[in-house]
Amino acid sequence: LFSASSYAQPAKGDIDINAGIGAGFYYTSGSSISVPPIGASLDYHVEDRFSVGGIITYSSSVYKYPYGGRYNMTYLTLGARANYHFEVNEKIDPYIGAIVAYNIFNYNWSGEPYADPGFNFSFNAIIPGFYAGGRYLFNENLGAFLELGYPKIRIGVVFKLAGY
């Protein structure tokens, strides 16, 4: 009798939890990163090749104003996503996906009131997007992932829970 293990190839009921760091369009020219884009996503496989889930990301940066203060910028994304998975081999899980995300951007002044140029604002928007990604599993439950597209680039670890 022979048996084979299939680490990365998804099956109905599997759950993938991604935790990672990224890069993207969260900053303005001349700003410095306070908190790099960090986030997590969860994908539930409703079928072997199709998963749905959610994502949350957060980042912040600071722009030091030349006249005695700074702007603090924060960016929060909450979204729903859907993925189509391709069959490659037992350790690699490539996929393409679509996302619809609610984005919250805040730009606030911190410093002397007389120096405030008056650009405080918040911006909220629903933004759709697409991405391509892949997971490489080291064993049945742990691996790495990379996604390119929306929200630009994410890389991190993936935890796979089989058959839920």
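Quick caveat, the model's predicted, so the values are computed rather than measured. (Residues numbered from 1 in each chain as written. Predicted model: local features only at pLDDT ≥ 70, side-chain atom pairs only at ≥ 80, totals over all residues. Heavy atoms only, no water.)

K.L.:
Could you clarify how one ought to interpret the sheet that holds strand β1 (residues 15–23) in this entry?
P.N.:
What holds strands together in a sheet is hydrogen bonding between their backbones, with the strands either parallel or antiparallel. Read once around its circumference, the closed barrel built from 8 strands follows the order β1-β2-β3-β4-β5-β6-β7-β8, with strand pairing classed as antiparallel. Strand after strand, the sheet turns through a mean of 25 degrees between neighbouring axes, direction not considered. Pairing of strand β3 (residues 50–65) with strand β4 (residues 69–85), which is carried by 16 bridges, proceeds in the antiparallel orientation. Bridge assignment links Thr57 to a residue of β4, and that residue is Thr77. (Pairing = 2+ DSSP bridges. Helix = DSSP H or I, 4+ residues; strand = E, 2+ residues; numbered from the N terminus. Axes fitted to C-alpha atoms, helices over the stretch in contact; angles between N-to-C directions.)

K.L.:
In this structure, what is going on with the packing of aromatic side chains? I would like to understand it.
P.N.:
What characterises a pair of aromatic rings is the spacing of the ring centres plus the angle enclosed by the ring planes. Within this structure, the stated rule accounts for 5 aromatic pairs. Connected via pairs of aromatic rings, a cluster forms that spans Tyr71, Tyr75, Phe105 and Tyr107. (Phe/Tyr/Trp six-rings, centres within 6.5 Å; stacked < 30°, edge-to-face > 60°.)

K.L.:
Just to check I follow, could you spell out the pattern of salt bridges for this structure?
P.N.:
When charged atoms on two side chains of opposite charge get close, those side chains can pair. Applying the stated criterion across every chain, the model contains 9 salt bridges. A salt bridge links Lys160 to Asp14, with the shortest nitrogen-to-oxygen separation between them at 3.5 Å. Taken together, the residues Lys160 in strand β8 (residues 152–161) and Asp14 in the segment before β1 connect sequence positions 146 residues apart. Taking the relative accessible area as the measure of exposure, Lys160 reaches 4% and is therefore buried. The class for Asp14 is buried, based on a relative accessible area of 5%. (Salt bridge = Lys/Arg side-chain N within 4 Å of Asp/Glu carboxyl O. Buried < 20%, exposed > 50% of the residue type's maximum accessible area, 1.4 Å probe, protein only.)

K.L.:
Which parts of the structure should I look at to understand a nonpolar patch on the surface?
P.N.:
Taken together, the side chains of Tyr84, Phe86, Val88, Ile92, Ile96, Tyr136, Phe138, Leu142, Val157 and Phe159 present a nonpolar region at the surface, about 860 Å² in accessible area. Breaking the nonpolar patch down by element, the ones donating at least two residues are β5 (92–111) and β8. Tracing the chain through its elements places Phe159 in strand β8. (Patch = residues over 30% accessible without salt bridge, like charges linked within 9 Å, V, L, I, M, F, W, Y side chains within 5 Å. Areas by Shrake-Rupley, 256 points an atom, 1.4 Å probe, with all protein chains shown as cover.)

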